[in-house]
Amino acid sequence: MVVRFTNQRQEILDYINSKPHHPTVDEVYTAVKIKLPRISKATVYQNLKVLAEKGYIKEVNIKGASRFEPILDEHHHIICRECGKIIDYESKALTEYSMTLAKNMKDMDIEFTNTNFYGKCKKCKKR
Ligand SMILES: [Zn+2]
Ligand SMILES: [Zn+2]
């Protein structure tokens with residue numbers, strides 16, 4: 001079965017898949033609005049939620065804000081505390097190590113893990 005999306009949902013999905021910078025709802029809204037001037041922020045938000053629930057995109061929470069990214073392999077994030085720049089960081093070793101620790105966590109069944117590393121990016125360091 002071919003999944004048919006509404007035009008709006010497709011635009012949102014395309015945007016997320018083409019932008020690796022983990023946009024927030026506001027950033028997605030601003031970008032999609034250029035092509036679909038009548039779209040509302042609530043609609044964007046709703047579509048993002050549905051796409052994430054259905055597994056087409058992934059929602060990550062960074063510094064208390066929801067951000068969205070394409071479905072990639074399990075990865076971690078390096079985050080600049082000053083400008084909020086986010087870089088994907090892939091480390092199988094870290095993922096495996098975290099999941100080994102997770103096996104000993106008796107209070108909950110751990111399904112996945114991702115680690116955030118915080119610091120200053122090169123640009124902000126120069127300032
Ligand atoms: Zn920075
Ligand atoms: Zn990411």
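Attention shifts here to the sheet that holds strand S5 (residues 116–119). Strands belonging to one sheet form pairs held by backbone hydrogen bonds; the direction of such a pair is parallel or antiparallel. Across the sheet, which stays open at both edges, the 3 strands sit in the order S4-S3-S5 with mixed pairing between neighbours. Of all the strands in the sheet, the pair left with one neighbour each is strand S4 (86–89) and S5. Ignoring strand direction, the axes of neighbouring strands in this sheet form an average angle of 20°. In this structure, strand S3 (residues 76–80) lies alongside S4, joined through 4 bridges in antiparallel fashion. By the bridge assignment for S4, Ile79 is matched with Ile86.

Before going further, it helps to examine helix H3 (residues 41–53). Taking 1.5 Å as the rise per residue, H3 with 13 residues should run 18 Å; its terminal C-alpha atoms sit 18 Å apart, in good agreement. All of the buried residues along H3 are Val44, Asn47 and Leu48. Buried positions in H3, seen along its axis, are confined to an arc of 105° and lie on one side of it. In H3, the exposed residues that point more than 90 degrees away from the buried face are Ala42 and Glu53. Two residues or fewer after H3 comes Gly55, characterised by a positive phi angle close to 85°.

Further remarks concern the domain arrangement of the chain. Assigned domains within the chain: domain 1 (7–70) and domain 2 (76–126). Each of domain 1 and domain 2 has a C-alpha centre, and these two points are 22 Å apart.

To continue, consider the nonpolar core. In this structure, Ile12, Tyr15, Ile16, Val28, Tyr29, Val32, Val44, Leu48, Ile57 and Phe68 together form the largest nonpolar core, which totals 10 residues. Looking at this core, the elements that each hand over two or more residues are helix H1 (7–18), helix H2 (25–35) and H3. Residues in contact with Val28, not counting those within four places in the same chain, are Ile12, Tyr15, Pro23, Val44, Leu48 and Phe68.

On to the environment of Ser40. Assignment of secondary structure puts Ser40 in the loop between H2 and H3. Expressed as a C-alpha distance, the spacing of Ser40 and Tyr29, which sit 11 residues apart in the sequence, is 7.8 Å.

Cut-off values and rules
Residues numbered from 1 in each chain as written. Chains lettered and ligands numbered in written order. Predicted model: local features only at pLDDT ≥ 70, side-chain atom pairs only at ≥ 80, totals over all residues. Pairing = 2+ DSSP bridges. Helix = DSSP H or I, 4+ residues; strand = E, 2+ residues; numbered from the N terminus. Axes fitted to C-alpha atoms, helices over the stretch in contact; angles between N-to-C directions. Expected span 1.5 Å × (residues − 1). Buried ≥ 20, exposed ≤ 12 C-beta atoms within 10 Å, placed from the backbone. Arc of directions from axis to C-beta. Domains from an automatic or database assignment. Core = buried A, V, L, I, M, F, W, Y, C linked by C-beta atoms within 7 Å. Contact = placed C-beta atoms within 7 Å.

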